[in-house]
Amino acid sequence: MLRRRIVRAAAAALAALALIATAAACSGSNSSSANTQKQGGTVSIAWNATPNFIFPFSPAANTDGYNLNLYWMLWPNLTFPGVGAQSIASPQESLWSSITWSNGDKTFTMVLKPWKWSDGQPITSRDFTFVYNLLKVGYTNWNEYQQGGFPTDVTSVSTPNEHTVVVNLNRSYNPAFYTDNLLTLIPLLPQHAWDKESASGPVGNFDETTAGAKAVFAFLQKEGGDLATFATNPLWKVVDGPYTLSQFQANGTYTYTANKYYSGPKVHMSKVVNLFYSTDTAELDSLRAGGTIGTGSLPLNDLQQAGLLKSEGYSVVPDPLAAFASIEPNLYNAKAGPVLSQLYVRQAFEDLIDRPELVSKVFSADADPGNGPIPLTFGSLVSPLEKAGGPYPYSPSKAVALLKAHGWNVVPNGVTTCTSPGTGPTDCGAGISAGEQLSFQLAYSSGTSTFDEEMAAIQSWDEQAGIKITLKSEPFNTLAGTVGVCTASSHPASTCGWQLVYFGYTPYNLFPTGLGNFNTGGFENLGGYSNPALDNLINATDYTASTSAFYQYEDYTAEQLPQLWIPDQDIVMVYKSDIGGFAPFNPFSGGINPEDWYYGS
Amino acid sequence: MTAYLTRRVGQALAVVVGVMILTFILIHMEPGSAARSILGFRATAARVAIFNNTYGLNEPLYKQFGTYLDQLVHGNFGISYYYQQPVSSLIAQRLPKDIVLVGLSTVLALLIAIPLGIYQAVDRNRISDNLLTGATFTLYAMPTFFVALLLIGLLAVQTHVFPPVAPQNQTVGGMLADPRALVLPVVTLALVTLAGYSRYMRSSVIDTLAQDYLRVVRAKGLPERLVLSRHVLRNSILPVITVVGLSVPNIVGGAVITEDIFNYQGMGQLYYGAAVQHDFPILLGATFIVGIATVVGNLAADIAYGILDPRIRHAGG
């Protein structure tokens, strides 16, 4: 079961898909038989959730991540993330031919490719201004809006010619951050077909006034939720992606047909059938029966089935993700917060996590080592420190020494207690009283055996320093319902009663910014970590183009432990061996790119 | 009969209302918020507020219940938080599929269980009876998922006779057009239910066979075949009718495990998904439908009883 762009809501399920020692050993990379690229053919993809919205700007209250899977094939975003396993924008599939920055990186000039919409009309800069005008009035009800980002950071947009867009921003940016992050969220939309306020109304330039833009946005969002007309509404027939939607069933099964007018790289598969499987079991049974599934993923719990799948003509390959995994401490939990706020306590925790052992024994070597915030998939952006194993190699003795040095009575296999309350350099720290125990609850998503093993290992290692961990596994949605973003100003007991939590992994866009994850008030910064120095370093990476600035941010984050780093397991892909173009896996697009696939001879 | 029916319908309505109130309260007592469960833990306070405002979740509980009842009497089950679709549409899409699945499997189970029960009762305590008893007990003891996986392993994975997933077509007509894909889920449900039916039937037939009036019938020279079909069957089938009546909620409630294993997108999957996702409108809508089905099933069984056995009708007033 797959997701194109993996959101954290599915982390629990998808993280169950990595780890495959035997499969890795016995599977090939891409099929060597797929050398000749046949034109035509049908491929089916197994998914485990259903899209429910087709207009690319889904409302704020709709967070079905699978909508992206649906509309990406129809209206690709300006920047297409990744070329194979390389963390670069795809020059072939991105909608622009060049982006030039000027005015101290406050202005970018984007030249759009001379591509066409599926009705034969040219894609023009007017389509960009249409998008901008709609988002300008509708960003508050746009699911993907990033605080302070497009369109609120835009001061003006001009279109000197049919294919050129000049965008002035309210501040300087790191061009890589903007191109590889924000522009991966924005598609072009066909102004000539969609600029209307009702189904029967005329197409005009309604978006050029605030009231008109609001009406158009509301109309398109209303139409975008009507499942029954996804495949028939004339609006959605005008696309610029490699496929058009030819059939859609409310049960989540939908079919794409190749867009004859697609101006991008040649598409070979003439039809793509997306099948909905409610459970891993049903999908696995289909794979084992040699059914119709062309590609899917293998749950980690079922790795022993890899051999059988090979006999049914599948290749089974572990692929890394563009994501990091971590255990998040709640610094504003009434009981555990003061303890977890101490850097030395988090360092002791990290010293007690034997990451290489987890990679080797739990994930059978198919995982990112988790040495810090940036996974190895990002290549040159991974700092030497992270490549060398990170700042905290496994060292129980160092953990014990750290705790003793800060006034704790360490009781291996018992419970360590604070004997020196206070704020001095050898004391336990602010808010920690005498007799306070190093005892925490660690909540994590249930249903994945590797999660269970990983958490049990961490629990066991922590005992060496007398840190008592009580594990609590809950279904993902149950956990999500009780874990909220906790900050100094808002940490209600209902959503901030948790102490340590592990959801799975956090995905990155093409540029692995720390914004949102580790900055003060970041929307993914659940535990309320706040460090002005880190905020400045994050800003430096996002606003200035400098590799050394990025390394500085990266190493500082790795050392300060806003979250506890742990390995991130790969996803295990299964695909028919006669499908070519599947490898190398693109971790930045989720690897599901049927426009690149073909049957070989 | 009218008074009897009136009383039973009144009781049924009271049960449905009670179930609704209880379900509403229990659902809202669940830990964690629906907004966070649906939007995810990274949802900002502003988005949670939009969500709660959109669905009226920031209103006091009694007001929410009032709104819900008001919608209900207007035939509106609300909008699913997750699917963003009217709950009535979702139920309308899935309910017919369950009627097909559970209906077919029940019919199949009865077609096997009733003759089986009669045969075992007539041949009771002989080797054939003991063997069949052992077989039915084995089926009865097997969890549904195990039967399903066994059938898939044998008939789909090993021999490729049947597909391992149910028909994926959205309409009942489309599903019935792919009967091969229906075989395994229907047989799975039939196998796990027929044991119960056949045991009820066997016990009931044994009781009936001991009745004096059958001696009279036989003394009159009626062939044994007719004795069984005309007199024994009709008098023995009452307990089975009760059980079938009680299984009506399964038709609308779905068969969660079977649906999951065979990727059968019925009410069971809908309900389970809603429970996991805190999708209150679906939970309430489905509970309401199941509640209705439960009382209707019981009512139907009572009426069938009355038709088949006039003594019950008369005793009931």
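Every value quoted in this text rests on a predicted model; they were computed, and no experiment measured them. Residue positions are given per chain, counted from 1 along the sequence in the order it is written. Just so you know, chain letters begin at A and ligand numbers begin at 1, following the order they were written in. For a predicted model such as this one, the threshold for reporting local features is a pLDDT of at least 70, and the threshold for listing and counting side-chain atom pairs is 80 or more; totals across whole chains, interfaces and linings nevertheless cover every residue.

1. Some remarks on the overall build of chain B
A tally of helices and strands in chain B yields 17 helices and zero strands. For chain B, the C-alpha atoms occupy an extent of roughly 85 × 60 × 35 Å along the three principal directions. Neighbour density around each residue's C-beta defines its exposure: 20 or more other C-beta atoms within 10 Å make it buried, 12 or fewer make it exposed, and counts between make it partly exposed, where C-beta atoms are placed from the backbone. Out of the 317 residues belonging to chain B, those deemed buried represent 42%. Segments assigned H or I by DSSP are reported as helices when at least four residues long, segments assigned E as strands when at least two residues long, and all are numbered from the N terminus.

2. Some words on the overall build of chain A
Each helix and strand in chain A was counted, giving 19 helices and 25 strands. We take the radius of gyration over the C-alpha atoms and set the globule estimate at 2.2 Å times the residue count to the 0.38 power. For a compact globule of 601 residues, the expected C-alpha radius of gyration is about 25 Å, and chain A comes in at 25 Å, within 12% of that figure. Across its three principal axes, chain A shows a C-alpha extent of roughly 75 × 60 × 40 Å. Sorting the 601 residues of chain A into buried and exposed places 58% on the buried side.

3. A closer look at the interface of chain A and chain B
Interfaces are often sized by the amount of accessible area the parts lose when they come together. At the junction of the two partners, chain A supplies 39 residues and chain B supplies 37 residues. Taken together, the elements giving at least two residues each to the side of chain A that touches chain B come down to helix 8 (280-288) and helix 16 (476-482) of chain A. Here the term charged refers only to Asp, Glu, Lys and Arg, the term nonpolar to Ala, Val, Leu, Ile, Met, Phe, Trp, Tyr, Cys and Pro, and the term polar to all other amino acids, Gly among them. Its residues assigned to classes, the side of chain A that touches chain B comprises 16 nonpolar, 19 polar and four charged. The contact criterion used here is simple: two residues whose C-beta atoms, placed from the backbone, lie within 7 Å are in contact.

4. With respect to the sheet that holds strand 7 (residues 164-169) of chain A
All names here are of chain A. The strand order across the open sheet formed by four strands is 4-5-7-6, and the pairing between neighbours is antiparallel. Unpaired on one side and paired on the other, strand 4 (96-102) and strand 6 (154-161) mark the two borders of the sheet. Averaged over all pairs of adjacent strands, the angle between their axes in this sheet comes to 20 degrees, without regard to strand direction. In this scheme, strands are said to pair when DSSP sees at least two bridges between them. Pairing analysis gives six bridges linking strand 4 to strand 5 (residues 107-112), with the strands arranged antiparallel. Across the sheet, W101 pairs through a bridge with F108, a residue of strand 5. Orientation is described by axes fitted as lines to C-alpha atoms, over the contacting stretch for helices, and by angles from 0 to 180 degrees between their N-to-C directions. Strands in contact with helix 4 (residues 125-138) are strand 5, strand 6 and strand 7; relative to strand 6, the strand with the most contacts, it is inclined by about 160 degrees.

5. Digging into the nonpolar core
By definition, a nonpolar core groups buried Ala, Val, Leu, Ile, Met, Phe, Trp, Tyr and Cys residues that are joined through C-beta atoms within 7 Å. Of all hydrophobic cores here, the largest spans 215 residues; its most connected members are L134, L442 and V501 of chain A. Residue contacts for L442 of chain A: discarding those within four places in its chain leaves I327, M455, I469, L471, K472, L500 and Y502 of chain A. Core analysis: the next-biggest nonpolar cluster, separate from the first, contains 28 residues, I38, Y81, F280 and L283 of chain B among them.

6. Side note on helix 7 (residues 144-158) of chain B
An expected span of 1.5 Å times one less than the residue number is assigned to each helix. The end-to-end C-alpha separation of helix 7 of chain B is 20 Å, in line with the 21 Å expected for 15 residues at 1.5 Å each. We define the bend at each residue as the angle formed by axes fitted to the 7 residues ending at it and the 7 residues starting at it. I152 of chain B marks where helix 7 of chain B bends most, by close to 30 degrees. Within helix 7 of chain B, the full set of buried residues consists of V147, A148, L151, I152, A156 and V157 of chain B. Tucked into the core, helix 7 of chain B has its buried residues touching helix 8 of chain A together with helix 9 (179-209) and helix 14 (256-261) of chain B. Backbone geometry just after helix 7 of chain B places H160 of chain B at a positive phi near 60 degrees.

7. Some details on helix 19 (residues 547-560) of chain A
All names here are of chain A. With 14 residues, helix 19 should reach 20 Å at 1.5 Å per residue; the first-to-last C-alpha distance of 20 Å fits that figure. Buried within helix 19 we find F550, Y553, E554, D555, Y556, T557 and A558. Buried residues along helix 19 sit against helix 13 (384-387) and helix 18 (532-543). Residue L561 follows helix 19 closely and has a positive phi angle near 55 degrees.

8. Concerning the pairing of strand 23 (residues 571-576) of chain A
Residues and elements named next belong to chain A. Judged by how many residues are buried, strand 23 sits mostly within the fold: six of six residues are covered. Direction of pairing for strand 11 (residues 295-297) relative to strand 23: antiparallel, over a ladder of three bridges. Paired with S297 across the two strands is M573, which belongs to strand 23.

9. Some words on the confidence of the model for chain B
Residue and element names in this part refer to chain B. For chain B, the mean per-residue pLDDT works out to 84, and 93% of the residues sit at or above 70. Across chain B, the secondary-structure element scoring lowest on mean pLDDT is helix 17 (residues 310-315), at 62, and the one scoring highest is helix 9, at 92. Interface scoring of the predicted complex returns ipTM 0.74; its pTM is 0.80. You can read pLDDT as the predictor saying how much it trusts each residue, on a scale of 0 to 100.

10. With respect to the packing of helix 5 (residues 87-122) of chain B against helix 9 of chain B
For any two helices packed against each other, the geometry is given by the interaxial angle and the distance between the axes. All names here are of chain B. With their axes 6 Å apart at the nearest point, helix 5 and helix 9 run at an angle of 35 degrees to one another. The crossing of helix 5 and helix 9 is right-handed. Here the residues of the contact of helix 5 with helix 9 sort into 22 nonpolar, six polar and one charged. Should the near helix be turned counterclockwise from the far one by less than a right angle, the crossing is left-handed, whereas a clockwise turn marks it as right-handed.

11. Description of the pairing of strand 18 (residues 468-474) of chain A
In the case of a regular strand, side chains alternate between the two sheet surfaces. Residue and element names in this part refer to chain A. Examined bridge by bridge, strand 17 (residues 439-445) and strand 18 share seven bridges and lie parallel to one another. Bridging from a neighbouring strand, A443 pairs with K472 of strand 18. Call a crossover right-handed when, viewed with both strands pointing away from you, the route from the first strand across the helix to the second goes clockwise. Once you follow strand 17 into helix 15 (residues 449-462) and on to strand 18, the crossover reads as right-handed.

12. Regarding the confidence of the model for chain A
Of all residues in chain A, 93% attain a pLDDT of 70 or more, and the chain-wide mean is 89. The low-confidence segment residues 1-34 of chain A (pLDDT under 50) makes 133 contacts with residues lying over four places distant or belonging to another chain.

13. Digging into the environment of A348 of chain A
With respect to the element layout, A348 of chain A can be found in helix 11 (residues 343-351). Setting aside anything within four residues of it in sequence, one finds A348 of chain A in contact with A399, L402, L403 and A465 of chain A.

14. Considering the environment of D153 of chain A
Residue and element names in this part refer to chain A. The topology assignment puts D153 in the loop between helix 4 and strand 6. A count of 17 C-beta atoms within 10 Å places D153 in the partly exposed class. Spatially, the C-alpha atoms of D153 and N413 are 53 Å apart, while their sequence positions differ by 260 residues. Contacts of D153, omitting those with residues within four sequence positions, involve G148, L169, N170 and R171.

15. A short note on unusual backbone geometry
Trans is the common state for peptide bonds, and a negative phi is the common state for residues other than glycine. All names here are of chain A. In the segment running from F150 into P151, the intervening peptide bond is cis, with an omega of 5 degrees. Here P151 shows up in the loop between helix 4 and strand 6. Of note, the bond from A583 into P584 is cis; its omega dihedral lies within 30 degrees of zero at 0 degrees. Topologically, P584 is positioned in the loop between strand 24 (579-580) and strand 25 (598-599). The backbone of S364 shows a phi angle near 50 degrees, a positive value even though the residue is not glycine. Assignment of secondary structure puts S364 in the loop between helix 12 (355-362) and strand 14 (367-368).

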